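Chain residues, written in single-letter form:
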Amino acid sequence: KAGVTQTPRYLIKTRGQQVTLSCSPISGHRSVSWYQQTPGQGLQFLFEYFSETQRNKGNFPGRFSGRQFSNSRSEMNVSTLELGDSALYLCASSVGISSGSVNEQFFGPGTRLTVL
Amino acid sequence: AQSVTQLDSQVPVFEEAPVELRCNYSSSVSVYLFWYVQYPNQGLQLLLKYLSGSTLVKGINGFEAEFNKSQTSFHLRKPSVHISDTAEYFCAVRSGGSYIPTFGRGTSLIVHP
């Protein structure tokens with residue numbers, strides 16, 4: 001089974017621009033979660049999508065948004081980029097059906113975003 | 001609410017020595033516990049997980065962890081480390097009623113020759 005893939009792997013943008021990152025989950029997984037990882041804040045949860053609906057949301061401003069398509073692929077968008085948005089953005093997929101099950105997450109390699 | 005504390009931000013150790021990375025959690029309900037490893041410029045890879053049953057869990061690359069409910073801990077151990085174990089290690093907890101795990105801040109394991 002193919003793992004979680006993220007594109008692009010590296011991205012350089014300037015302040016004020018917007019960016020879209022893509023994530024393809026493992027086949028059969030319906031939940032996709034996004035995390036921001038920085039040296040200072042560690043791993044911070046952005047949001048989770050399940051069956052095209054945002055099911056959980058972290059504490060990030062509205063400039064961060066996402067969506068999920070019918071094939072479970074997901075995109076996240078950051079508008080009006082700020083220097084502080086420079087980070088590794090990780091996507092994780094899981095089966096996601098029941099909160100009472102193990103529901104372990106499988107991570108992609110991440111997209112390294114640099115904002116200049 | 002669930003939370004995770006990784007007590008050491010950095011653990012230096014010599015090759016072939018044993019190592020323990022500490023993790024404490026808090027949750028008001030039953031939990032699932034995980035350890036992930038992250039190598040430079042890569043995503044997180046699952047090392048092991050605790051679901052229920054035996055409190056000693058064995059994972060990949062010779063790692064194991066012990067679930068201690070009374071101390072709310074899930075420490076990761078390896079009896080003899082290699083240079084290639086140098087990486088960032090994350091402990092995570094997920095309560096039975098939640099879809100999303102909470103991650104610790106990570107512990108950087110640095111193995112010296």
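Note that the coordinates shown come from a computational prediction; the quantities given were computed from them, not determined experimentally.

(A) The arrangement of the interface of chain A and chain B in detail. Taken together, the contact pairs 30 residues of chain A with 22 residues of chain B. The salt bridge involving A:Glu104 is made with B:Lys49; its shortest N-O contact spans 2.3 Å. Joining chain A to chain B, the criterion identifies five residue pairs in polar contact (both at pLDDT 80 or more). Elements with a contribution of two residues or more to the side of chain A that touches chain B: β4 (31–38), β5 (42–50), β6 (53–57) and β9 (87–94) of chain A. For the side of chain A that touches chain B, the element with the most residues is β5(A), which contributes four residues. In terms of residue class, the side of chain A that touches chain B is made up of 11 nonpolar, 14 polar and five charged.

(B) Layout of the environment of A:Ile12. Residues and elements named next belong to chain A. Along the chain, the position of isoleucine 12 falls in strand β2 (residues 10–13). In this structure, the C-alpha to C-alpha distance between isoleucine 12 and leucine 81, residues 69 residues apart in sequence, is 11 Å. Residue contacts for isoleucine 12: discarding those within four places in its chain leaves Thr114 and Leu116.

(C) Local environment of the state of the cysteines. The full count for this structure, using the stated rule, is two disulfides over all chains. Here A:Cys23 connects covalently by a disulfide to A:Cys91, the sulfurs 1.7 Å from one another. Residues A:Cys23 and A:Cys91 share a disulfide whose torsion about the S-S bond is about -50 degrees; that sign makes it left-handed. With a gap of 68 residues between them, A:Cys23 in strand β3 (residues 19–24) and A:Cys91 in strand β9 connect regions that are remote in the sequence. Accessibility classification places A:Cys23 together with A:Cys91 in one group, the buried group. Here B:Cys23 engages in a disulfide with B:Cys91; their sulfurs sit 1.9 Å apart. Between B:Cys23 and B:Cys91, the S-S torsion sits near -65 degrees, and that sign places the bridge as left-handed. Highlighted residues: B:Cys23 in strand β4 (residues 23–26) and B:Cys91 in strand β10 (residues 87–95), separated in sequence by 68 residues. Among the residues examined, B:Cys23 registers a relative accessible area of 0% and is labelled buried.

Criteria and cut-off values
- Residues numbered from 1 in each chain as written.
- Chains lettered and ligands numbered in written order.
- Predicted model: local features only at pLDDT ≥ 70, side-chain atom pairs only at ≥ 80, totals over all residues.
- Heavy atoms only, no water.
- Contact = heavy atoms within 4.5 Å.
- Salt bridge = Lys/Arg side-chain N within 4 Å of Asp/Glu carboxyl O.
- Polar contact = N/O pair within 3.5 Å; in protein donor to acceptor, adjacent residues only side chain to side chain.
- Helix = DSSP H or I, 4+ residues; strand = E, 2+ residues; numbered from the N terminus.
- Nonpolar A, V, L, I, M, F, W, Y, C, P; charged D, E, K, R; others polar.
- Disulfide = S-S within 2.5 Å.
- Buried < 20%, exposed > 50% of the residue type's maximum accessible area, 1.4 Å probe, protein only.

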